[in-house]
Amino acid sequence: MEKLTSDFFDRDTVTVARELLGKHLVRVWGGVPLTVRITETEAYVGRSDKACHAYGYKRTKRTETLFAPPGTAYIYFIYGMYHCLNFVTEAEGEPAAVLIRAGEPVSQADADAISVKRFGCTVHEMSAYQRKNFLNGPGKLCKGLSLTTEQNGLSLSGDELYLLDSGERPETIHTGRRIGIDYAEEAADFPWRFYL
């Protein structure tokens, strides 16, 4: 499988959000690659999207990474308990990114290693509730992959966090409103959430 380059991310954010579905996200932790298949994304575009942290080109210490080159990891902390992984898109200086909302391990070994990080047990030992809620949210995904704000600003062309093109082209992609952004006025209705 080929590693995605910055050219993949240097495009329209909504297009990138759709095309990330089925791609493999690799997090190398302790020398071991943990791989998940991306199953849900959301697009955020600062120039026109009131749900984006950098709406109207607002630059703060938190949002500075959104202005980085395409193919940069933007990881932020919310509600005092969750980390969220995003990939910066479009040209440098244009604040836009794709939030990775959910994924699924690509192998049993990946599933076991990730479940130990999430729940302290292997997949076989997980409860039905834990299996149902394994990586189906951005905070859960980050916890399972040991991603925190320490990885904020990482280039996705490096060896610690990167994406691979699995060759999968999903036949059916669902769209909907993004989650948890009711404050964003008209932007709350943008159909910029994509999932398998």
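Here we summarise the structure given alongside this text.

Conventions adopted
- Residues numbered from 1 in each chain as written.
- Predicted model: local features only at pLDDT ≥ 70, side-chain atom pairs only at ≥ 80, totals over all residues.
- Heavy atoms only, no water.
- Helix = DSSP H or I, 4+ residues; strand = E, 2+ residues; numbered from the N terminus.
- Rg over C-alpha atoms; globule rule 2.2 N^0.38 Å.
- Buried < 20%, exposed > 50% of the residue type's maximum accessible area, 1.4 Å probe, protein only.
- Contact = heavy atoms within 4.5 Å.
- Areas by Shrake-Rupley, 256 points an atom, 1.4 Å probe, with all protein chains shown as cover.
- Lys, Arg positive; Asp, Glu negative; His and termini not counted.
- Charge placed at Lys NZ, Arg CZ, Asp CG, Glu CD.
- Expected span 1.5 Å × (residues − 1).
- Arc of directions from axis to C-beta.
- Pairing = 2+ DSSP bridges.
- Patch = residues over 30% accessible without salt bridge, like charges linked within 9 Å, V, L, I, M, F, W, Y side chains within 5 Å.
- Salt bridge = Lys/Arg side-chain N within 4 Å of Asp/Glu carboxyl O.

1. Overview of the overall build of the protein chain
Part 1 of the argument: Scanning the protein chain for helices and strands turns up five helices and nine strands.
Part 2 of the argument: The order of α-helices and β-strands along the protein chain, N terminus first, is β-α-α-β-β-β-β-β-α-α-α-β-β-β.
Part 3 of the argument: Rg of the C-alpha trace for the protein chain: 16 Å, near the compact-globule value of 16 Å for 196 residues, within the 12% margin.
Part 4 of the argument: Considered along the principal axes of its C-alpha atoms, the protein chain spans approximately 45 × 35 × 35 Å.
Part 5 of the argument: Looking at the protein chain as a whole, 50% of its 196 residues qualify as buried.
Part 6 of the argument: When contacts within the protein chain are restricted to residue pairs at least 6 apart in sequence, those whose partners lie at least 24 apart make up 59%.
Part 7 of the argument: When the accessible surface of the protein chain is split by element, carbon and sulfur atoms take 50% of a total near 9,300 Å².
Part 8 of the argument: When the 23 basic and 26 acidic side-chain charges of the protein chain are each reduced to a single mean position, those positions are 6 Å apart.

2. With respect to helix α3 (residues 108-119)
Part 1 of the argument: Under the 1.5 Å per step criterion, the end-to-end length of α3 is 16 Å for 12 residues, consistent within 8% with the ideal 16 Å.
Part 2 of the argument: When we look at burial in α3, the residues that qualify are Asp110, Ala111, Ile114, Ser115 and Arg118. What you see down the axis of α3 is that its buried residues fit within an arc of 125°, all on one side.
Part 3 of the argument: Buried residues along α3 sit against β3 (32-45), β6 (96-105) and α5 (138-144).
Part 4 of the argument: Positive backbone phi, at 75°, marks Gly120, one or two positions downstream of α3.

3. What to know about the environment of Ala187
Part 1 of the argument: Structurally, Ala187 is set in the loop between β8 (174-176) and β9 (193-195).
Part 2 of the argument: A residue is classified by how much of its surface remains accessible, and Ala187, at 0% relative accessible area, is buried.
Part 3 of the argument: Separated by 143 residues in the primary sequence, Ala187 and Tyr44 have C-alpha atoms spaced 9.7 Å apart.
Part 4 of the argument: Here Ala187 is in contact with Asp49, Lys50, Ala51, Arg178 and Ile181, once residues within four sequence places are set aside.

4. A look at unusual backbone geometry
Part 1 of the argument: We note that Glu90 has phi near 65°; this positive angle belongs to a residue other than glycine.
Part 2 of the argument: Along the chain, Glu90 turns up in the loop between β5 (82-88) and β6.
Part 3 of the argument: Overall, the relative accessible area of 8% leaves Glu90 in the buried class.
Part 4 of the argument: Despite not being glycine, Glu185 has its phi angle at roughly 50°, a positive value.
Part 5 of the argument: One can find Glu185 in the loop between β8 and β9.
Part 6 of the argument: Owing to a relative accessible area of 52%, Glu185 belongs among the exposed residues under this scheme.

5. Concerning the pairing of strand β4 (residues 73-78)
Part 1 of the argument: Extensive coverage of β4 is indicated by the burial of five of its six residues.
Part 2 of the argument: With six bridges joining them, β4 and β5 adopt antiparallel strand pairing. Note on β5: the bridge partner recorded for Tyr76 is Cys84.

6. Focus on a nonpolar patch on the surface
Part 1 of the argument: Residues Tyr79, Met81 and Tyr82 make up a contiguous nonpolar surface patch of about 390 Å² in total accessible area.
Part 2 of the argument: With respect to the helices and strands, the residue Tyr82 is situated in strand β5.
Part 3 of the argument: Using a relative accessible area of 37% as the deciding quantity, one classes Tyr82 as partly exposed.

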